[in-house]
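Structure assessment
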Amino acid sequence: QVQLVESGGGLVQAGDSLRLSCLASGLTLTRYTMGWFRQAPGKEREFVACISSSGSILGYGDSVKGRFTISRDNAKNTVYLQMNSLKPEDTAVYYCARRYGSRWNDQTGYDYWGQGTQVTVAS
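Here we summarise the structure given alongside this text. (Residues numbered from 1 in each chain as written. Predicted model: local features only at pLDDT ≥ 70, side-chain atom pairs only at ≥ 80, totals over all residues. Heavy atoms only, no water.)

Structural notes on the sheet that holds strand S8 (residues 78-83)
What the four strands build is an open sheet, ordered S1-S3-S8-S7; its pairing is antiparallel. Strand pairing shows two members of the sheet lacking a second neighbour, strand S1 (3-7) and strand S7 (68-73), which therefore form its edges. The average angle at which neighbouring strand axes cross in this sheet is 15°, direction not considered. Relative to strand S3 (residues 18-25), S1 runs antiparallel, the two sharing five bridges. Following the sheet pairing, valine 5 is matched in S3 by leucine 23. (Pairing = 2+ DSSP bridges. Helix = DSSP H or I, 4+ residues; strand = E, 2+ residues; numbered from the N terminus. Axes fitted to C-alpha atoms, helices over the stretch in contact; angles between N-to-C directions.)

Thoughts on the environment of glutamine 1
Relative to the assigned elements, glutamine 1 resides in the segment before S1. Distance in space between the C-alpha atoms of glutamine 1 and leucine 20 is 22 Å, their sequence separation being 19 residues. Not counting chain neighbours up to four residues away, the residues in contact with glutamine 1 comprise Ser25 and Gly26. (Contact = heavy atoms within 4.5 Å.)

This is the structure:
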């Protein structure tokens, strides 16, 4: 069974850093492009970052460029999201997902999703 499990979320202060992890099981992570998305209360799911199977960064959402970094450690079957200079508007549930088709910056291009991890940034 394919399973993606996010971890690392929590409550932090504005300006702090946090690293999220997504551990994959039931699949070989090295074969797939992976993405991070987030969803705040009352908002639609938003693209955050995407990384190719070979480790090339395909892109970031405009709101996180320069602050967030996506990376992967294929030996650990894990993809990461390093979040720096966090702002209250970054508060959301963060999801990792496996890309399904050619679309990498839209949620319709992904098939398997984790359960999400809550990130709350206090002002």
